[in-house]
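Here's the letter readout for the chains.
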Amino acid sequence: MNARRLFALAYKETLQIWRDPRSLAIALLMPLMQMAMLGYGVSLDIKHVPLCVYDQENSQQSRALVDRFVSSGWFSISRTLGRQAAIRDAMDRGECIAALVIPVDFSRQLATTGSASVQAIFDATDVNTTNIALGYAEGAVAQANAQIAAQWAAAHGIKPSLVGQVDLRPSTWFNETLDSRNFIIPGVVAVILALVGAQLTSLTISREWERGTMEQLISTPVTALEVMLGKLIPYFVIGLVDAGFCLVSAVYWFGVPFRGGIGTLFTTTALFIIVVLGIGYLISVRIRSQLGASQIALLVTMLPTTLLSGYTFPIDQMPAPIQALTLVVYPRYYVTILRAIFLKGSGLTDLWVPLLGLTVYAVAIIWLAARAFRKRLD
Amino acid sequence: MFERLSVMLMKEFLELRRDRWAMFRLIAPLLIQMLVFGYAATFTVHHVATAILDLDQSQASRSLVSHFVATSRFDVVDVAKNQADITRDIEEDKAVIAIVIHAGFARDLENGRSAPLQVIVDGTNSNTALIALGYISQIVAQFSADQASRAFSPRVGTVPPEIGISLQTRPWFNEGLDDRWFFIPGVIGTLTLLQVVSLTAFAIVREREVGTLEQIMVSPIRPFEFILGKTVPFFLIGLGDIALVSTFGILWFHVPFIGSAWVMLLGASLFLLAALGMGLLLSTFSRTQQQAFALNFFFVNPFFILSGFAFPIAAMPKLLQWFTLVNPLRYFLVVIRAVFLKGVGIAVLWPQLAALAVLALAMLTLSVLRFRKSLD
Amino acid sequence: MNEGTPAIIAEGLTKRFQSFTAVDRLDLRIDRGEIIGFIGPNGAGKSTTIRMLCGLLRPSAGRASVAGFDVEHEPESVREHIGYMSQKFSLYGDLTVRENLRFFGGIYRVPRQQFAERMRFAVAMAGLQGREDALVRTLAGGWKQRLALGCAILHRPPILFLDEPTSGVEPEARRRFWDLIHDLAAEGVTILVSTHYMDEAEYCNRIALIDRGRLVAMGTPGELRGHRLGGDLFEIACAPLGAAVQLLSGTPGVVEAAIFGDKLHVVLGAGGTSAADLPRLLTAHGIEARLPRPISPNLEDVFVQLVSGKQEERAAP
């Protein structure tokens, strides 16, 4: 390796980046745009589940139950229905996700037997929403029951409960408010950097092939390593700037608590950027047409990073073969690292497992890319 | 015009056939992705790693622990000896949930006092944490009811557990709450969007870069014919994609398909037209493949994330909800899920279908106009 | 490189792409300071040969050495000693003249103290004084070509490979380009240049005629012109030309008939149709014709004859 040649390559690449302001603007603005969209868009916190109510009785007690649902804050009544069949219709049209059916003898049953049943119907197409809404509904009913039990006890002249109740005292660590944003935003940063990085480098070599400049370049004494470093160094700087944008907006705009050290963050981020740029470069070296390279880049980055990195779908819930597959989805390591640094304040030693994963990755990619670059046309 | 169009079509298919890997490239990744993502995309919470510290060691506390062990929701990974173990389990990611039963738990229950049960949750993944907490409260409620009913028969003066409202839950359309049924149709739509938009966006930019576009444009072909010739093959490829992955979803993942294939075809066609329009539009904004590629990333990812694929549109801020109105995937996901799981028809789905038609028309018109201008 | 050794040696050099043989058992021996012209139709294997000699393609069989280094096993050493200019224009269009030169100067590690002088030379050679800061893509073909040559010789390579350097360049610029090549050769640079312009062949010290991957003939322009055409060459003005070629190609005694500008060049073998018969034969078929005129052959005649001769040989095995 020769410093003079390396400098010439890196300088040339920088000039080319500079001369294409449209691409440079995209490279720098894209992460911010994506941060804004995904940061706000990726949320699982359903605040107001649209609820249809079919109250057959319409008594004081039945209305009190409906009020419980509404005052819990989790439901908002989208429609009041007059017949059972209308529920199906309302759900088909997406007007409600949940429907509460109160029977005609609701308050009478409560008064005579002390118990009554109501029906909660869910549009279970979206299972996660249904699960959460189901929890909310049970919570609302439990609250109502506590009151009913107290009234029943008072009416029968007994002290409420001689059997002690279990008092559930959950304490949440690391993400105390259980705000899904704190969990998702670090993942969003990882995914955006993975996408931007691959996008930056995956065409750098194939473009030179298609323009014919590569033939000129490989007829000179440059080495594969020089070409790779010369290409990657300028993009590494862009990648760091992008990472800076994303991380700063995560902390100062989205208010994700940052409990770790800046040094840890910088080290791990730099390592991750090396990996993502290396992946793009490897694709670019292996596939000589820009069309092919971009198709492959889209294929190996967009969906795998979103679905297999653990940024939304927890890896430990996947079937074992898929879990094994995620080991090669490099953003998963960075997602883990970022979450730990942000929420747990972990340091480099705590993170040795994912760091090892990233390091192995970086070394393997660089090695493969350096080997894959052929100074031949055939 | 049909003659010129058929010549264009012939050329496109010839190019595709020449490329020996093209068919493989089009189909293999699609099926592999379908397989992997079909399994990966799940919010279901099973086997949550749980650590338990039982400082009471009573019959009641053991009974509570057995309630946790009995369900497949929780995997007890550590029976801890002291609080420090518990803390370490959580901090080192060995356990997501820790349950601490303090000494005196049984005594408190016996004496009718409320017995505190400490539950520590790693809230990093808030969704898992929320759902797990829900399960925990269900288990605890069950345990309390069991305790109460045991206590009720010999004693008087307690509230019988059956007093109150019982909630009967009916999850329609997906009784087993299998979230694969939710995600697989979403994966189908997303994969199609991704493939069609990127293929289209690149096709034209490539011709422009290689110089063949100029060659074609000096011929008497009209922009409209050119665009049609370019898009028809991708339209057919897209339809093939949807048919292929849908069949795969139905046969492999056993997602029920109870709706009409015709409604599906209509929805898919309109969706593909909109996706093609989007790809064309992107291509008119890019001069090089590099730019087309960047734009593709720039738009397709948000379209995918902000489609309701996994994250409910209702949970987004208003501004983003408005943005999703121009997202064809948003409408197609409603259509495809409704056709698969609910079996509803045009009478119900017409607003989505109409929106797709409007989007398709708008994007195609816009791209023809822009395309014409970009040639001047 | 030892003083005595030839600059380029190829022995049985062969390149096959699947079933297609692009270069077929090519032997070459080129001395230092020579200008060798590679002449041949498109697809004859000129570019493939040059690319093998530069170490860009791996030979399927045979061996070659450039500047004393084996192209297959020591491609890096070969690259230290050559300059290459490819068929497709391949400087960076989005960089300026100066930036391109500086880039290749860095790549070839031109000593810093010499770089300024070399760059001045390259810029002057390309005639680009005062336009050092223009983006290369804004330059016209001829300038681009000369600049590419400038980049290829920045490091003063003893051997220069130029693959169709003048294709698509206007005649005036082509002439200037050849002047540069001669200047370089005068300094002792070995130059291997491929072209399909016959007039350019005359500028070379020696010519290698290549057709279908094979070396058909090699020699100085004078030697080649003297190559036996298999008969006497006549020029005849007639119209329409196309019909005349068709007619004469099937006539006994006509070795070769080919269009040259607005006239026909006809090679007549012994004991067949005589020159005097030609106008009659042509007019009998409704073709206007003047009297034929005996001429001395130029390179193109030789080339056409050599190439078409082989064609017939293959058509009737």
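Small disclaimer: the values here were computed from a predicted structure and weren't measured. (Residues numbered from 1 in each chain as written. Chains lettered and ligands numbered in written order. Predicted model: local features only at pLDDT ≥ 70, side-chain atom pairs only at ≥ 80, totals over all residues. Heavy atoms only, no water.)

**What to know about the overall build of chain A**
Our working definition: By the criteria applied, helices consist of DSSP H or I runs no shorter than four residues and strands consist of E runs no shorter than two, each listed in order from the N terminus. Note that the radius of gyration is over C-alpha atoms, with the globule rule given as 2.2 Å times the number of residues to the power 0.38. Only protein chains enter the area calculation, which uses a 1.4 Å probe; residues under 20% of their type maximum are buried, those over 50% are exposed, and those in between are partly exposed. Should any heavy atoms of two residues lie within 4.5 Å, those residues are counted as being in contact. In this description, accessible areas are obtained by the Shrake-Rupley approach with a 1.4 Å probe, and a residue is regarded as covered only by the protein chains that are shown. Charge counting treats Lys and Arg as positive and Asp and Glu as negative, with His and both chain ends excluded. Every charge is mapped onto a representative atom, which is NZ of Lys, CZ of Arg, CG of Asp or CD of Glu.
When its secondary structure is counted, chain A shows 15 helices and five strands. A compact globule built from 378 residues should have a C-alpha radius of gyration of about 21 Å, whereas chain A, at 29 Å, is more than 25% larger. With the principal axes as the frame, chain A shows a C-alpha extent of 95 × 45 × 40 Å. The buried share of chain A, taken over its 378 residues, is 60%. Considering only contacts within chain A whose residues lie at least 6 apart along the sequence, 80% involve residues at least 24 apart. Entry remark: accessible area of chain A is about 14,200 Å², with carbon and sulfur atoms responsible for 63%. If you average the places of the 29 positive and of the 24 negative side-chain charges in chain A, the two averages end up 9 Å apart.

**Considerations on the nonpolar core**
As a reminder of what qualifies: Here, the term nonpolar core denotes a set of buried Ala, Val, Leu, Ile, Met, Phe, Trp, Tyr and Cys residues that are joined through side-chain atoms within 4.5 Å.
In terms of nonpolar packing, the biggest core is built from 260 residues, with Val66, Leu149 and Phe161 of chain C touching the most fellow members. When residues of this core are assigned to their parent elements, the largest contribution, 15 residues, is made by helix α7 (residues 180-210) of chain B. The residues contacting leucine 149 of chain C, other than those within four sequence positions of it, are Met85, Met125, Leu160, Leu162, Phe177, Leu180 and Leu184 of chain C.

**Looking at the interface of chain A and chain B**
What counts, and what does not: The buried area of a pairing is the accessible area, by a 1.4 Å probe, that goes missing from both parts when the two are put together, added over both. Should a side-chain nitrogen of Lys or Arg be within 4 Å of a carboxyl oxygen of Asp or Glu, the pair is scored as a salt bridge. Polar contacts, as counted here, are pairs of nitrogen or oxygen atoms within 3.5 Å of one another; within protein the pair requires one atom able to donate a hydrogen and one able to accept it, and residues that are adjacent in sequence qualify only if both atoms are side-chain atoms. All amino acids are sorted into three groups, where Ala, Val, Leu, Ile, Met, Phe, Trp, Tyr, Cys and Pro are nonpolar, Asp, Glu, Lys and Arg are charged, and the leftover types, Gly among them, are polar.
Chain A puts 111 residues into the contact, and the matching count from chain B is 114 residues. The contact between chain A and chain B buries some 10,200 Å² in all, and 68% of this surface belongs to carbon and sulfur atoms. Linking chain A with chain B are two salt bridges. Of the charged contacts in the structure, one is a salt bridge between lysine 342 of chain B and aspartate 123 of chain A, with a shortest N-O distance of 2.9 Å. On the surface where chain A and chain B come into contact, there are four residue pairs in polar contact (both at pLDDT 80 or more). Taken together, the residues of the side of chain A that touches chain B sort by class into 62 nonpolar, 31 polar and 18 charged.

**Here's the deal with the interface of chain A and chain C**
Taken residue by residue, the interface counts 26 residues in chain A and 35 residues in chain C. Taken together, both faces of the contact between chain A and chain C bury some 3,000 Å²; the carbon and sulfur share is 52%. Broken down residue by residue, the surface that chain A buries against chain C is led by Arg4, Gln216 and Arg376 of chain A, which jointly contribute 25%. Counting across the chain A and chain C interface gives two salt bridges. Among the ionic pairs, glutamate 215 of chain A bridges to arginine 51 of chain C, the shortest N-O distance being 2.8 Å. The interface formed by chain A and chain C holds 10 residue pairs in polar contact (both at pLDDT 80 or more) in total. Residue assignment for the side of chain A that touches chain C shows that the elements contributing at least two residues are α1 (3-19), α8 (204-211) and α9 (213-218) of chain A. For the side of chain A that touches chain C, the element with the most residues is α1 of chain A, which contributes eight residues. Among the residues making up the side of chain A that touches chain C, the classes are represented as eight nonpolar, seven polar and 11 charged.

**A closer look at unusual backbone geometry**
Residue and element names in this part refer to chain C. Cis rather than trans, the peptide bond between alanine 239 and proline 240 has omega equal to -5°. Secondary-structure assignment places proline 240 in the loop between β12 (238-239) and α9 (241-249). At alanine 67, a residue that is not glycine, the phi angle is positive and equals roughly 55°. A positive phi angle is found at arginine 156, which is not glycine, with a value near 50°. Structurally, the position occupied by arginine 156 is in the loop between α5 (141-152) and β7 (159-163).

**Things to note about the sheet that holds strand β8 (residues 190-195) of chain C**
Strand-to-strand pairing in sheets goes through backbone hydrogen bonds, with the strands running parallel or antiparallel. Residue and element names in this part refer to chain C. Filter applied, for reference: Strands are treated as partners if at least two bridges between them are detected by DSSP. To get an axis, a line is fitted to the C-alpha atoms, and for a helix only the part in contact is used. The angle between two axes follows their N-to-C directions and goes from 0 to 180 degrees.
Taken together, the six strands give an open sheet; going across it, the order is β6-β7-β8-β3-β9-β10, and neighbouring strands pair in mixed fashion. Looking at strand neighbours, the two that pair on one side only are β6 (82-85) and β10 (214-219), the edges of this open sheet. Averaged over neighbouring strand pairs, the angle between their axes works out to 15° when direction is ignored. Pairing geometry for β6 and β7, over four bridges, is parallel. Bridge pairing in β7 places isoleucine 82 opposite isoleucine 159.

**Describing the arrangement of the chains**
Between all two pairs of chains that are in contact, chains A and B come out with the most contacts. A minimum C-alpha distance of 13 Å separates chain B and chain C, which share no contact.

**Overview of the packing of aromatic side chains**
Residues and elements named next belong to chain A. Using the following cut-off: Stacked, tilted and edge-to-face pairs are distinguished by plane angle, under 30 degrees for stacked and over 60 for edge-to-face with tilted covering the rest, among Phe, Tyr and Trp rings (Trp via its six-membered ring) whose centres lie within 6.5 Å.
Counted by the stated rule, this structure contains 24 aromatic pairs over all chains. The interplanar angle of 50° and the centroid separation of 5.2 Å between the aromatic rings of phenylalanine 69 and phenylalanine 75 together place this pair among those described as tilted. Judged on exposure class, the residue phenylalanine 69 and its partner phenylalanine 75 are both buried. Ring centres 4.2 Å apart and planes at 10° place the aromatic pair phenylalanine 272 and tyrosine 334 in the stacked group. Here phenylalanine 272, found in helix α11 (residues 262-286), pairs with tyrosine 334, found in helix α14 (residues 331-344); they are 62 residues apart in sequence, far enough to count as distant.

**A short note on the pattern of salt bridges**
The full count for this structure, using the stated rule, is 27 salt bridges over all chains. With a shortest N-O distance of 2.8 Å, lysine 231 of chain A and glutamate 208 of chain A are connected by a salt bridge. Remark: glutamate 208 of chain A occurs in helix α8 and lysine 231 of chain A occurs in helix α10 (residues 224-253); sequence separation between them is 23 residues. Each member of the pair, lysine 231 of chain A as well as glutamate 208 of chain A, carries the same accessibility label: buried. Here arginine 63 of chain C and aspartate 70 of chain C are joined by a salt bridge, their closest N and O atoms 3.9 Å apart. Shared partners join several salt bridges into a network, and the residues in it are Lys12, Glu13, Glu208 and Lys231 of chain A.

**Describing a positive patch on the surface**
Our working definition: In this scheme, patches are assembled from residues that exceed 30% relative accessible area and form no salt bridge. Like charges are connected within 9 Å, while nonpolar side chains (Val, Leu, Ile, Met, Phe, Trp, Tyr) are connected within 5 Å.
A contiguous patch of positive charge on the surface is contributed by Arg286, Arg371 and Arg374 of chain A together with Arg58 of chain C. Position of arginine 58 of chain C among the secondary structure elements: in the loop between α1 (46-53) and β4 (61-66). Residue arginine 58 of chain C is classed as partly exposed on the basis of its relative accessible area, which comes to 37%.

**A word on helix α10 (residues 261-284) of chain B**
Note that an α-helix has 3.6 residues per turn; residues three or four places apart therefore point the same way. Threshold: In this analysis, the expected span of each helix is defined as 1.5 Å times one less than the number of residues it contains.
For α10 of chain B, spanning 24 residues, the distance from its first C-alpha to its last is 34 Å, which sits close to the expected 34 Å at 1.5 Å a residue. Within α10 of chain B, 19 of the 24 residues are buried, leaving the element largely enclosed by the surrounding structure.

**Observations concerning the domain arrangement of chain C**
One frequently used descriptor of interface size is the decrease in accessible area upon assembly of the parts. Stated formally: For the domain bounds, the source is a domain assignment made automatically or taken from a database.
Structurally, chain C comprises domain 1 (8-224) and domain 2 (232-296). A separation of 39 Å is found between the C-alpha centroids of domain 1 of chain C and domain 2 of chain C.

**A look at a nonpolar patch on the surface**
Residue and element names in this part refer to chain A. A surface patch of nonpolar side chains, about 390 Å² in accessible area, is lined by Leu29, Leu32, Val237, Val241 and Phe245. Sorting the residues of the nonpolar patch by element identifies α2 (21-41) and α10 as the ones contributing at least two each. Tallying contributions element by element places α10 first for the nonpolar patch, with three residues. Structurally, the position occupied by leucine 29 is in helix α2.

**A closer look at the sheet that holds strand β14 (residues 263-268) of chain C**
All names here are of chain C. The four strands are arranged β13-β14-β11-β16 in an open sheet whose pairing can be described as antiparallel. The open sheet has two free edges, formed respectively by β13 (254-260) and β16 (293-294), since each of these has just one partner strand. Of the strand pairs in this sheet, strand β11 (residues 232-236) and β16 are connected by two bridges, and their pairing is antiparallel. Pairing of glutamate 235 across the sheet is with arginine 293, part of β16.

**Considering the side chain of threonine 190 of chain B**
Along the chain, the position of threonine 190 of chain B falls in helix α7. A polar contact is formed between the side chain of threonine 190 of chain B and the backbone oxygen of glycine 186 of chain B, at a distance of 2.7 Å. The residues touching threonine 190 of chain B, leaving out its near neighbours within four places in the chain, are Leu303 of chain A together with Phe304, Phe309 and Leu329 of chain B.

**Overview of the environment of leucine 65 of chain A**
Position of leucine 65 of chain A relative to the elements: it lies in helix α3 (residues 60-71). Discounting residues that sit within four places of it in the chain, leucine 65 of chain A has contacts with Ile102, Phe106, Val118 and Ala144 of chain A together with Ile165 of chain B.

**Comments concerning the pairing of β4 of chain C**
On any regular strand, side chains alternate: one points to one face of the sheet, the next to the other face. Residue and element names in this part refer to chain C. Note that strand β1 (residues 8-17) and β4 share five bridges and pair antiparallel. Paired with threonine 14 across the bridge in β4 is alanine 61. One ladder, built from two bridges, connects β4 with strand β5 (residues 69-70); its direction is antiparallel. Note on β5: the bridge partner recorded for serine 65 is aspartate 70. Between β4 and the antiparallel strand that follows it, β5, lie two residues; alanine 67 among them carries a positive phi value of about 55°.

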